[in-house]
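Residue-level structural notes
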Amino acid sequence: MGTKTHIMTQMPDPQTQSANTITQDGPPEADAFTAMENMLMPAFCSEQPLFTIDEAGRWYYQGEPLPDKFARLFMGILRPDSGGWALVTPAERVKVTVARTPVVIVDFEMQADQFLLTCVLGSQYRVDKADISLIEEGVFISLPNLKTGSMSRSCFYRYAELLLSDKD
């Protein structure tokens, strides 16, 4: 019989961890993300992409709309992969076609020197001003866990208005 090896990571005690520590070092699942990044990449399950993320940030599985609850779940294992994107688990890897960026921001709030961004799936991201870049195609946002984001058209117009009002 083979021996099973269990790798355990001690989770930080949320009672003793300050909000700044969580923001600075990332959430506890960041340790799992780092461990996953250091593993060997499994082979693709299929040469054809099974998932698609459209320009509006909506997910599809083999052409059919995917409920937001599943899209949020899969967003947690979405990784950049050889110039594209893939869902990666320890056992398998699935190609994902992304129209623009995997995360589309639909709302934001200014909070001191940071932004609280809300994506089309309802997830929120806290980023510094330096993580948001204006490029020719619009706004590009560096998000935690190697994700990238862009802004919906209405959100972009609000952001542009904020930039213009800051120059006054």
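1. Focus: the packing of aromatic side chains
On inspection of all chains with the given rule, the structure shows eight aromatic pairs. Aromatic ring contacts, followed pair by pair, group Phe 51, Trp 59, Tyr 61 and Phe 74 into a single cluster. In this structure, Lys 95 packs its charged tip against the face of Phe 44, placed 4.9 Å from the ring centre. Across the ring face of Phe 108, the terminal group of Arg 158 is positioned such that the distance to the ring centre comes to 4.1 Å.

2. Concerning the side chain of Lys 147
Mapping Lys 147 onto the fold places it in the loop between β11 (138-142) and β12 (148-151). A polar contact is formed between the side chain of Lys 147 and the backbone oxygen of Met 75, at a distance of 3.1 Å.

3. A look at the sheet that holds strand β7 (residues 103-111)
Taken in spatial order, the six strands of this open sheet run β9-β8-β7-β12-β11-β10, and their pairing is mixed. Each of the sheet's edge strands pairs with one partner strand only, and the pair in question is β9 (124-128) and β10 (132-135). Between one strand axis and the next, the sheet turns through 40 degrees on average, direction left out of account. Relative to β12, β7 is paired through three bridges, and the arrangement is parallel. Bridge assignment links Ile 105 to a residue of β12, and that residue is Met 151.

The rules behind each value
- Residues numbered from 1 in each chain as written.
- Predicted model: local features only at pLDDT ≥ 70, side-chain atom pairs only at ≥ 80, totals over all residues.
- Heavy atoms only, no water.
- Phe/Tyr/Trp six-rings, centres within 6.5 Å; stacked < 30°, edge-to-face > 60°.
- Lys NZ or Arg CZ within 6 Å of the ring centre and 35° of its normal.
- Helix = DSSP H or I, 4+ residues; strand = E, 2+ residues; numbered from the N terminus.
- Polar contact = N/O pair within 3.5 Å; in protein donor to acceptor, adjacent residues only side chain to side chain.
- Pairing = 2+ DSSP bridges.
- Axes fitted to C-alpha atoms, helices over the stretch in contact; angles between N-to-C directions.

Interpretation note: all reported values are geometric properties and have no functional meaning in isolation.
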